[in-house]
Amino acid sequence: MSDTTRHEPETVRIGGHDVPVVTARTVVVGTGSAGFSAADRLWELGHDDVVMVADKVNAGASRNAGSDKQTYYKLTLSGGDGDSVREMAETLYSGGAMDGDNALAEAALSARGFLRLCDLGVPFPQNRFGEFIGYKTDHDPRRRATSVGPYTSRSMVEQLEKKVHRNGTRIFDECRVVDVVVRPVGAPSAAVGAPGPASGDAGPAGGVPVDGAPTAVERETEVVGLLVLRTDVPHDGARSPFLLFRCTNIVYATGGPAGMYATRVFPNGQWGASGAAYRAGVHGKNLTEWQFGLASTHPRWNVSGTYMQVVPRFVSTDADGGDEREFLTEAIGDYGRLMSLVFLKGYQWPFDIRKALDGSSLIDLLVYRETVLRGRRVFLDFRRNPVQDVFDPSALSPEAYEYLDRAGVLFGTPVERLRRMNEPAYQFYLQKNPYVDLETDLLEVDVCAQHNNGGLVVDAWWQSNVTGFFPVGEAGGAHGVYRPGGAALNSGQVGATRAAQFIAARRSVDPVEVADFAAAAGPVLDGALDLVARASARAAAGVPDNTGDLLRDVQVLMSAKAGPVRSAASIHEALVQVHEWLAAYSDLVTADATSRRSVNRTFLVRDILTSAYVYLSAMADYVAHGGRSRGSVLYSDPEGTLPHVGYGPTADAELDLPDVFRFRLDGGALDDVVQETGWVPPASETPGVDWSPVVERKSDDPAGLPVFRWRPRRPIPEDDDFFENVWREFRAHGNVY
């Protein structure tokens, strides 16, 4: 058991304020599967001067999100099918705009991460000989997928959390991330008036190769700490609600910026904290690439797998629940084709623009038309069959018929088929809040934001362009445009492992001296205190609290203008509004200083606005760069085509759909390049000559300036694989460089 007394906060005078400060070499932010994995890996590697920070330990996507069969993607570990690390890396890399070193690491460490989870107690199914049997998932040429059921990631979190508790790692719960504290690399020491420690890559000298990571030459700043707001501390003046961490490294496992969207399947309490990273100078990567899909909204849950394979009836109503009607038949007139496309949504679940022209993703667009364009509500009806009361399986496609026949469900109503195929999927909604009985109730659904494939920039060790800052899990932008189902869970485990290995081998050094830390943290703390003072002064003057309204307004705007269907015009409209809010934020936000929730939302909304501003700017830059529809996004194009009829003699004819659904496919045109994003603070210089804005701003614009560059993606490495050479290097420095 580790000695956690060294992680007790100590009061330090910073900028004229007495603030509690926790000192640790590494702070892991986030208590999902990636965060807990990083904390445990660090401990196992002997780097136990670690603390964890969480907004709410029991919240977050890892613990509360899933589907009827939540997938984990890994190297094949059963049967006679051929597979290799290289082949899996190529599968990941083929998704487009993914860096090859990340793809290779995710393939190479997938078995190691997976088997560790098994040893910790995650019950992945195996046969009696110990083979971990897999199945094929989307974008998967093999059978690399596995699952423990609806809550694969929850099971991972629970077992990893138990291990971290056994390690004795301290967790600071109920902490809202406010800002990351950084300083220039090699800044003078306040204590001795000399340059600080060269902390770019501290660790064993002698024989260790120089860091050759692509981001290494750009690392002009380094992590020295983190500022959080304690949401469990009353704002009565007795104690400081702010808490600072003095550290050498931050492993950022905060998840994606889920709070940007109103229509999302991310669980309540999953917000992300990417805005603080951008404010600290961390770059972004592939920010335009989101994954959207059909999900229930009350409760939030992906309606993939069996929920679609049993072919439920899609209906829409007006806002009050009246005027119920089936709507898929407006565009899909053939009974068998309608049922077959719904069936395919089971394992073609994410909205995929390549399947929108004449495939199953037409379903997503038709739902979007009802909810966003017509302002109606959409429901799945498991009580009745689509189109006609009697289910006629003979009309199904051969693929759908064979599957349902093997499952023994060529009969009855959708709920009868569901309970025969997957009783836990039916029981799931009985156990949720709100309670839904699919035998008697309609299930409301929409096309929801589900995952951000892009994120904060990472190198092969998941270190960003800021020294000591390691984004892992969904916070890190390791993915490309497309990814196999379940690849995100593997990526979180691999990124956590790689970051821990690098920190333990190269960055096990003490934080900067207290005086140096105070010098860097002072302005950050002053800025946070000033924001609260301004917001609370307006509240005291009688201006109503608007944090809740601002939060809702930005989310609704993002879902309406920058969701699965976007256009240059809609992106511009949203960007103008978000810029206006963010530029005026310190004079706009009003919060009751005595309300912990209100002050908390003051920083939450700023973070979400910052993320939305950066992401919308990235979308505008993507369009300006010639980007077209790809991945899980349709970019409206007046010169494009509408989805096709898809069957019969008029198969290639366009459907009668709104022109907003006209699109042209990217066709892989930008697969070999990566869009990177930076945020430049007011009155600061851009990172370099190869960076440029998509919208010109004044140098002192309070919202800052998003800038962009496009670079070739890094290829899959072709390292020396001769054993004797690798062994020699491994003995010298563990091959951690």
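Residues numbered from 1 in each chain as written. Predicted model: local features only at pLDDT ≥ 70, side-chain atom pairs only at ≥ 80, totals over all residues. Heavy atoms only, no water.

Draft legend 1. Local environment of the sheet that holds strand β24 (residues 705-712). With antiparallel pairing, the four strands of this open sheet are ordered in space as β19-β12-β23-β24. Both outer strands of the open sheet, β19 (455-456) and β24, are each paired with one neighbouring strand and no more. Sheet strands touched by helix α19 (residues 596-624): β19, β23 (673-680) and β24. Its angle to β24, the strand with the most contacts, is close to 50 degrees. (Pairing = 2+ DSSP bridges. Helix = DSSP H or I, 4+ residues; strand = E, 2+ residues; numbered from the N terminus. Contact = heavy atoms within 4.5 Å. Axes fitted to C-alpha atoms, helices over the stretch in contact; angles between N-to-C directions.)

Draft legend 2. Seen up close, empty space enclosed by the protein. In this structure the tally under the stated criterion is two cavities of 30 Å³ or more. Reported here for the second largest cavity is a volume of approximately 30 Å³. Lining the second largest cavity are P312, R313, F314, E326, L328, L338, V342 and P386. Going through the elements one at a time, β15 (313-317) and α9 (335-344) are the ones with two or more residues in the lining of the second largest cavity. Here the residues of the lining of the second largest cavity sort into six nonpolar, no polar and two charged. (1 Å grid on protein atoms, 1.4 Å probe; cavity = no way out; pocket = protein on both sides within 12 Å on 5 of 7 lines; lining within 4 Å. Points joined across faces, edges and corners; volume = space filled by probe spheres on them. Nonpolar A, V, L, I, M, F, W, Y, C, P; charged D, E, K, R; others polar.)

Draft legend 3. Broad picture of the side chain of E289. Tracing the backbone shows E289 in the loop between β12 (284-285) and β13 (290-297). Here R630 takes part through its side chain, which lies 3.0 Å from a polar atom of the side chain of E289. Residue contacts for E289: discarding those within four places in its chain leaves N452, N453, G454, G480, V481 and R630. (Polar contact = N/O pair within 3.5 Å; in protein donor to acceptor, adjacent residues only side chain to side chain.)

Draft legend 4. A look at the environment of L294. Inspection of the secondary structure puts L294 in strand β13. We classify L294 as buried; its relative accessible area is 1%. Here the alpha-carbon distance between L294 and C448, two residues 154 residues apart in the chain, equals 6.0 Å. (Buried < 20%, exposed > 50% of the residue type's maximum accessible area, 1.4 Å probe, protein only.)

Draft legend 5. The sheet that holds strand β2 (residues 17-23), seen in detail. Pairing is mixed across the open sheet formed by five strands, whose spatial order is β1-β2-β10-β9-β8. Sheet topology places β1 (10-14) and β8 (175-184) at the edges, where each strand pairs with a single neighbour. Each adjacent strand pair in this sheet contributes to an overall mean axis angle of 35 degrees, direction not counted. Here helix α15 (residues 514-540) sits on the sheet in contact with β1, β2, β8, β9 (221-230) and β10 (242-246), set at roughly 155 degrees to β10. Along the sheet, α19 makes contact with β8, β9 and β10, crossing β8 at roughly 55 degrees.

Draft legend 6. Quick look at the nonpolar core. Counting 154 residues, the largest nonpolar core has F245, Y252, Y307, F314, L438 and F469 as its most contacted members. Excluding residues within four positions of it along the chain, F245 makes contact with V22, V27, V51, V53, F172, V224, G225, L226, V228 and F517. Residues M52, M156, V157 and V494 belong to the second largest nonpolar core, which totals 39 residues. (Core = buried A, V, L, I, M, F, W, Y, C linked by side-chain atoms within 4.5 Å.)

Draft legend 7. Spatial organisation of the packing of aromatic side chains. Applying the stated criterion across every chain yields a total of 26 aromatic pairs. Measuring from centroid to centroid gives 6.2 Å for Y151 and F428, while their planes differ by 50 degrees, and the two rings are tilted. Highlighted residues: Y151 in the loop between β6 (145-147) and α6 (152-167) and F428 in helix α13 (residues 423-430), separated in sequence by 277 residues. Of the aromatic side chains, those joined through ring pairs into one cluster are Y151, W301, Y307, F382, F428 and Y429. Residue placement shows R154 over the ring face of Y151; its charged tip is 3.8 Å from the ring centre. (Phe/Tyr/Trp six-rings, centres within 6.5 Å; stacked < 30°, edge-to-face > 60°. Lys NZ or Arg CZ within 6 Å of the ring centre and 35° of its normal.)

Draft legend 8. Focus on the pairing of strand β17 (residues 377-381). Here β17 lies mainly inside the structure; four of its five residues are buried. Here three bridges tie β17 to strand β18 (residues 443-452), and the two strands are oriented antiparallel to one another. Paired with F379 across the strands is E444, a residue of β18.

Draft legend 9. Fine view of the pattern of salt bridges. Under the counting rule described, the total for this entry stands at 56 salt bridges. Salt-bridge contacts for R711 lead to D99; the nearest nitrogen and oxygen are separated by 2.7 Å. Of the two residues, R711 is situated in strand β24 and D99 in the loop between α3 (85-93) and α4 (100-108); the sequence distance between them amounts to 612 residues. Look at R711 and you get buried, because its relative accessible area is 13%. The exposure class assigned to D99 is buried, which follows from its relative accessible area of 0%. Between E573 and K561 there is a salt bridge, with its nearest N and O atoms 3.3 Å apart. With E573 in helix α17 (residues 568-583) and K561 in helix α16 (residues 547-561), this pair connects stretches of sequence that are twelve residues apart. Take K561: its relative accessible area is 23%, and that puts it in the partly exposed class. (Salt bridge = Lys/Arg side-chain N within 4 Å of Asp/Glu carboxyl O.)

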